[in-house]
Amino acid sequence: MSIGVAVLGSTGSIGRSTLQVLARQRERFRVVAITGHSNRDLLAQQAAEWKPAFVGLVNGGKGDEGRGKGTACLVEAATHPDVTIVVNGIVGAAGLEATLAALRAGKRVALANKETLVMAGELVAQAAREGGGEIVPVDSEHSAVLQCLAGRRTELARLILTASGGPFRTWGPERVSRATVAEALKHPTWTMGKKITVDSATLVNKALEVIEAHFLFTVPYEQVDVVIHPQSVIHGFVEFVDGSVLAQVGFPTMELPILYALTYPERVPDQGVRRFDPVAAGTLTFEAVQPDRFPAYVTGREAARVGGTAPARFNAANEVAVQLFLDERITFGRIAEIIDRVTEDARHDGDANSLDAVLAADTEARRLAREAACS
Ligand code: NAD
Ligand code: MG
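Position numbers for residues start from 1 in each chain and track the written sequence from start to end. Throughout, the order in which chains and ligands are written sets their labels, letters from A for the former and numbers from 1 for the latter. With the structure being a predicted model, the display of local features is reserved for residues of pLDDT at least 70 and the display and counting of side-chain atom pairs for 80 or more, all residues being used for whole-chain, interface and lining totals. Calculated side-chain values reflect all of the structure's heavy atoms, with hydrogen atoms and water omitted.

A.B. asks: What am I meant to see in unusual backbone geometry here?
C.D. replies: For residues other than glycine, phi is negative in most cases, and the peptide bonds are mostly trans. Cis geometry is adopted by the peptide bond preceding Pro265, which originates at Tyr264 and carries an omega value of 0°. In this text, helices come from DSSP runs of H or I with a minimum length of four residues, and strands from runs of E with a minimum of two, each type numbered from the N-terminal end. Within the element layout of this structure, Pro265 appears in the loop between helix 11 (255-263) and helix 12 (278-281). Notably, Ser232 is not glycine yet its phi reads approximately 50°, a positive angle. Following the sequence through the fold, Ser232 ends up in the loop between strand 8 (224-228) and strand 9 (234-240). Ser232 sits in the buried class, given a relative accessible area of 5%. Each residue gets one of three labels from its accessible area relative to the maximum for its type: buried under 20%, exposed over 50%, partly exposed in between, using a 1.4 Å probe on protein chains only.

Structure below.
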């Protein structure tokens, strides 16, 4: 019997890569449910090819409306009785309820939707405990860590996540602050959705990933370091208590971490991606993160340190600011400024131990971000 998979956000970059992997693994897996947001044509095409039992179109319109409309169809797909693994490839806060519901229903969530863990890491962990579900990361850095750790959690000393540094790594701050949307979307090593591509240019993506790592591996923030590695060949390092360090290596592709999240802890034969060749990979370089170049990364790490609802507020402010930038309503430089304005207001920080508290923090931060954008 093949394993039933739900692909949330099947029309997106992660969703399409997932279907590509599944197309090579038809004996092991079958697609039971797919969901899309507004790309009706592609969703119909995928439905015709895969004939899933459930097809959901959120179709809530464009922009940063986040959760609300259409979440029912995401939850329905995520909790479908024939589904064993839910690949969550939704972008942003909209993916939260489906993750919680899947975990409560005892499913494995192969999680690309990192915003979910950042907003509500404690609640997600609780849902997994209560329902017997588990989270397996799809994010390449966290997949690297999972693979290097190999269950030796108690012997972990430090994680080092790599970051490409994005398109503006070598630009001066003045020039970066005026960068256009087209320039921000030109990622040097990865092809991804627009939101995460902008997050890679601000390095917000790496701040989100530090928080993601904290919740996934229950590791204190002081033990999560980040290094710039422009070639994106080493995806992450794990340092153990004896000082030994393991790294996971490969040409950049999301198909390997997706496949691993589906088959974990096993590995299965697959010929879909280019085999690694150290000579072709060439010189690998590493640089420290320059805080003045990536102010939003610094703000994100600070939100992580504060904890509670601060990461949810950081995430919400970023989602609003990135959408405003993509709509060409603010400059690139204002993304970091808006996030900073929203998160520095410590009055709004509180515990993140209930869904109501998290959603209230999210809503309030979105309001403050829009307000900050207008002033
Ligand atoms: P994308 O924009 O290409 O796709 C997003 C998907 O989410 C689409 O299928 C869309 O239909 C759906 N969606 C968007 N808004 C929605 C809403 N309000 N309700 C329901 N569905 C909605 O994005 P992506 O690059 O595939 O990224 C998806 C997630 O994976 C993000 O959290 C991102 O950070 C993470 N991720 C992506 C990559 C990558 O290589 N693309 C790598 C690591 C992590
Ligand atoms: Mg990543």
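A.B. asks: Explanation requested: the side chain of Thr299 in the structure shown.
C.D. replies: Inspection of the secondary structure assignment puts Thr299 in helix 13 (residues 295-306). For Thr299, a relative accessible area of 11% puts it in the buried group. For this analysis, residues touch if any pair of their heavy atoms sits within 4.5 Å. Discounting chain neighbours no more than four positions away, the residues touching Thr299 are Phe314, Ile339, Asp340 and Thr343.

A.B. asks: Explanation requested: the site of ligand 1 in the structure shown.
C.D. replies: Whether a residue is near a molecule or strand depends on its heavy atoms: if one lies within 4 Å, it is near. If you check the shell around ligand 1, you find 23 residues, and the closest are Thr11, Ser13, His37, Glu115 and Gly193. For this analysis, a polar contact is any N or O atom pair within 3.5 Å, provided that within protein one partner can donate a hydrogen and the other can accept it, and provided that sequence-adjacent residues contribute only side-chain to side-chain pairs. One of the backbone nitrogen or oxygen atoms of Ile14 is found 2.9 Å away from an oxygen atom of ligand 1. Backbone polar atom of Ala112 to an oxygen atom of ligand 1: 3.4 Å apart, as the coordinates give it. Per-residue accessibility takes into account occlusion by the displayed protein chains alone, with areas from the Shrake-Rupley method and a 1.4 Å probe. Alone, ligand 1 offers 820 Å² of accessible surface; in the complex the protein occludes 88% of this. Those elements that place two or more of their residues in the shell around ligand 1 are helix 1 (13-24) and helix 5 (114-131). Gly is put with the polar residues, along with every residue not named as nonpolar or charged; the nonpolar set is Ala, Val, Leu, Ile, Met, Phe, Trp, Tyr, Cys and Pro, and the charged set is Asp, Glu, Lys and Arg. Residue classes in the shell around ligand 1 are distributed as ten nonpolar, ten polar and three charged. For the purposes of this description, domain bounds are those given by an automatic or database domain assignment. A domain-level breakdown of the shell around ligand 1 finds at least three residues from each of domain 1 (3-137) and domain 2 (142-252 + 278-374).

A.B. asks: Sorry if this is basic, but what is going on with the coordination of the magnesium ion (ligand 2) here?
C.D. replies: When a metal holds four donors in a tetrahedron, each ideal angle between them is 109.5 degrees; when it holds six in an octahedron, the ideal angles are 90 or 180 degrees. Only nitrogen, oxygen and sulfur atoms qualify as donors, and only when within 2.8 Å of the metal (3.2 Å in the case of Na, K and Ca); with water excluded, sites may look incomplete. Surrounding the magnesium ion (ligand 2) are the protein donor atoms Asp139 (OD), Glu141 (OE) and Glu209 (OE), which sit 2.1 to 2.2 Å from the metal. Accessibility expressed as a relative area gives 7% for Glu141, which makes it buried.

A.B. asks: Just to check I follow, could you spell out the sheet that holds strand 2 (residues 29-36) for this structure?
C.D. replies: By definition, the strands of a sheet pair up through backbone hydrogen bonds, in either a parallel or an antiparallel sense. Should DSSP find at least two bridges between two strands, the strands are taken to pair. Overall, parallel pairing links the six strands, which are arranged 3-2-1-4-5-6 in an open sheet. The open sheet is flanked by strand 3 (54-57) and strand 6 (134-137), the only strands paired with a single partner. Geometrically, the sheet is characterised by an average inter-axis angle of 20° between neighbouring strands, direction not taken into account. With four bridges connecting them, strand 2 and strand 3 associate as parallel partners. Residue pairing in the sheet places Ile34 in a bridge with Val55 of strand 3. Throughout, an axis means a line fitted to C-alpha atoms (over the contacting stretch in the case of helices), and angles, computed between N-to-C directions, take values from 0 to 180 degrees.

A.B. asks: Could you clarify how one ought to interpret the packing of helix 5 against helix 10 (residues 204-217) in this entry?
C.D. replies: The packing of two helices is summarised by the inter-axis angle and the distance between the axes. Two elements in contact, helix 5 and helix 10, have axes whose closest approach is 9 Å; the angle formed by their N-to-C orientations is 50°. Between helix 5 and helix 10, the interaxial angle falls into the category oblique. The chirality of how helix 5 crosses helix 10 is left-handed. Every residue of helix 10 that contacts helix 5 at Lys114, Leu117, Val118, Gly121 and Glu122 is listed here: Asn205, Leu208, Glu209, Ile211, Glu212, Phe215 and Leu216. Here the contact of helix 5 with helix 10 is composed, by residue class, of six nonpolar, two polar and four charged. Working definition: roughly parallel below 35 degrees, roughly antiparallel above 145 degrees, roughly perpendicular at 65 to 115 degrees, and oblique for all remaining angles. For any helix crossing, the convention is left-handed if the near helix is rotated counterclockwise from the far helix by under a right angle, and right-handed if that rotation is clockwise.

A.B. asks: What am I meant to see in the pattern of salt bridges here?
C.D. replies: Where charged atoms of side chains with opposite charge meet at close range, the side chains can pair. Any carboxyl oxygen of Asp or Glu that lies within 4 Å of a side-chain nitrogen of Lys or Arg is treated as forming a salt bridge with it. Evaluated as defined, the whole model comprises 23 salt bridges. For Lys195, the salt bridge identified is with Asp199, shortest N-O distance 2.8 Å. Taken together, the residues Lys195 and Asp199, both in helix 9 (residues 194-202) and four residues apart, mark about one turn of the helix. Lys195 gets classed as buried once you look at its relative accessible area, which sits at 12%.

A.B. asks: Just checking my understanding: could you explain the packing of aromatic side chains for this structure?
C.D. replies: Each aromatic ring pair is described using two quantities: the centre-to-centre distance and the angle formed by the ring planes. Classification of ring pairs uses Phe, Tyr and Trp, with its six-membered ring standing for Trp, and accepts pairs whose centres are within 6.5 Å; under 30 degrees between planes counts as stacked, over 60 as edge-to-face, and the remaining range as tilted. Applying the stated criterion across every chain, the model contains six aromatic pairs. Centroid distance Phe168 to Phe332: 5.0 Å. Interplanar angle 80°. Geometry classified as edge-to-face. Of this pair, Phe168 sits in the loop between strand 7 (156-163) and helix 7 (173-177) while Phe332 sits in the loop between helix 14 (310-326) and helix 15 (333-343), and the two are 164 residues apart along the sequence. Of the two residues examined, Phe168 and Phe332, each falls in the buried class. With 5.7 Å between their ring centres and 75° between their planes, Tyr260 and Tyr264 make a pair best called edge-to-face. Given a relative accessible area of 9%, Tyr260 falls into the buried group. Here Tyr264 falls in the partly exposed class, since its relative accessible area comes to 25%. Three or more aromatic residues link up through ring pairs in this structure, and these residues are Phe168, Trp171, Phe325 and Phe332. Charges are assigned to positions over rings by a cutoff of 6 Å between ring centre and Lys NZ or Arg CZ, combined with an angular limit of 35 degrees from the ring normal. For the cation-ring pair, Arg26 lies above Trp50, with the distance from its terminal atom to the ring centre recorded as 4.2 Å. In this structure, Arg274 packs its charged tip against the face of Phe251, placed 3.8 Å from the ring centre.

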